[in-house]
Amino acid sequence: AQSVTQPDIHITVSEGASLELRCNYSYGATPYLFWYVQSPGQGLQLLLKYFSGDTLVQGIKGFEAEFKRSQSSFNLRKPSVHWSDAAEYFCAVGYISGGYNKLIFGAGTRLAVHP
Amino acid sequence: DAMVIQNPRYQVTQFGKPVTLSCSQTLNHNVMYWYQQKSSQAPKLLFHYYDKDFNNEADTPDNFQSRRPNTSFCFLDIRSPGLGDAAMYLCATSNGREVGQPQHFGDGTRLSIL
């Protein structure tokens, strides 16, 4: 069965520092992978997605993610964090169930940014 | 801008009093989803529509129902809310049911139960 693990519940970084959020997945076929961000009191916004091709994917807001099949990982990175990046980040795997497109989410990583 | 809109943003209801949450979309997507998200947890899929075809998750309580009168609108009805139903409810849409179609989320409705 498919699953998504985000090992870090909370991460705190200083503004301007680099960031890496970890995501590991379990899926029997070619994974469709997503990163979403959720600011407090808001819905989820799609940061980036991976289906195939280049394993380094560029997203919005200066984020990128790298797919590593050998490690079953899809880690999210940003070279320099801004205070406005403080939010909850969810990694997700897309799969088909009963003929329909669904997502399974990781538990999320809450990012705090120190000035 | 094309978007997913949820109303109201905050809803307070009494224990056992039926409540309806609303979602509309201008994306013209044929799939609409309802998720429940409790504090500090991942969103959990309740059900979804593919056009008018309704699909319930196996573990969604009978207390939760949904209606989709047309492509643009979808409603979540909670017949007799309990304290455990207090959560953020997220509506999402996608363009087709092929795997890998990204889902587009509204800002959610936060439901409180008195």
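As a reminder, the structure under discussion sits directly above these lines.
Within each chain, residues carry numbers counting from 1 in the order of the written sequence. Chain letters start at A and ligand numbers start at 1, both assigned in the order the entries are written. The predicted nature of this model means local features are confined to residues of pLDDT at least 70 and side-chain atom pairs, given and counted, to a pLDDT of 80 or more, with totals for whole chains, interfaces and linings taken over all residues. Only hydrogens and water are set aside; all other atoms, that is, all heavy atoms of the structure, feed into the side-chain values.

Chemist: Mind showing me how you'd approach the environment of Ser 3 of chain A here?
Modeler: Per the convention used, a helix needs a DSSP run of H or I reaching at least four residues, while a strand needs a run of E reaching at least two, with both numbered from the N terminus. Along the polypeptide, Ser 3 of chain A turns up in strand S1 (residues 3-5). Along the sequence, Ser 3 of chain A and Tyr 25 of chain A sit 22 residues apart, while their C-alpha atoms lie 5.7 Å from each other.

Chemist: Honestly, the environment of Val 57 of chain A in this entry has me stumped. Any pointers?
Modeler: Residues and elements named next belong to chain A. Mapped onto the elements, Val 57 comes out in strand S7 (residues 56-58). Among the residues examined, Val 57 registers a relative accessible area of 11% and is labelled buried. As a C-alpha pair, Val 57 and His 114 span 57 residues in sequence and 27 Å in three-dimensional space. Dropping the residues within four chain positions of it, Val 57 is found in contact with Leu 48, Lys 49, Tyr 50, Phe 63, Glu 64 and Ala 65. Burial status follows relative accessibility: with a 1.4 Å probe on protein chains alone, a residue under 20% of its type maximum counts as buried, one over 50% as exposed, and anything between as partly exposed. By definition in these notes, contact holds between two residues if any of their heavy atoms fall within 4.5 Å.

Chemist: What is the right way to read the interface of chain B and chain A from this model?
Modeler: In many reports, interface size means the accessible area that the parts give up when they come together. Each side of the interface is counted separately: chain B has 28 residues, and chain A has 24 residues. Using a 1.4 Å probe, buried area is obtained as the accessible area two parts lose upon being combined, added over both of them. Looking at the side of chain B facing chain A, the largest losses of area belong to Arg 97, Val 99 and Phe 105 of chain B, adding up to 27% of the total buried there. Salt bridge, as applied in this entry: a Lys or Arg side-chain nitrogen positioned within 4 Å of an Asp or Glu carboxyl oxygen. Here chain B is connected to chain A by one salt bridge. Among the salt bridges present, the one from Glu 57 of chain B reaches Lys 102 of chain A, with a minimum N-O distance of 2.6 Å. By the criterion applied in these results, polar contacts are pairs of N or O atoms within 3.5 Å in which, for protein atoms, one can donate a hydrogen and the other can accept it, and in which residues neighboring in sequence qualify only through two side-chain atoms. For the pair chain B and chain A, the interface holds eight residue pairs in polar contact (both at pLDDT 80 or more). Under the grouping applied here, Gly and all other residues not named as nonpolar or charged are polar, the nonpolar ones being Ala, Val, Leu, Ile, Met, Phe, Trp, Tyr, Cys and Pro and the charged ones Asp, Glu, Lys and Arg. Counted by class, the side of chain B that touches chain A contains eleven nonpolar, eleven polar and six charged residues.

Chemist: Can you walk me through the sheet that holds strand S7 (residues 64-67) of chain B in this structure?
Modeler: By way of backbone hydrogen bonds, the strands of a sheet pair with one another, either parallel or antiparallel. All names here are of chain B. One open sheet holds the four strands; their spatial order is S1-S3-S8-S7, and the pairing between them is antiparallel. Every other strand in the sheet has two partners, leaving strand S1 (4-7) and S7 as the edge strands with one partner each. Neighbour to neighbour, the strand axes of the sheet diverge by 20° on average, direction disregarded. Being paired, for any two strands, means DSSP has found at least two bridges between them. Here S1 runs beside strand S3 (residues 19-25); their pairing, made up of four bridges, is antiparallel. By the bridge assignment, Val 4 is partnered in S3 with Gln 25. All axes are obtained by fitting lines to C-alpha atoms, using only the stretch in contact for helices, and the reported angles, taken between N-to-C directions, cover 0 to 180 degrees.

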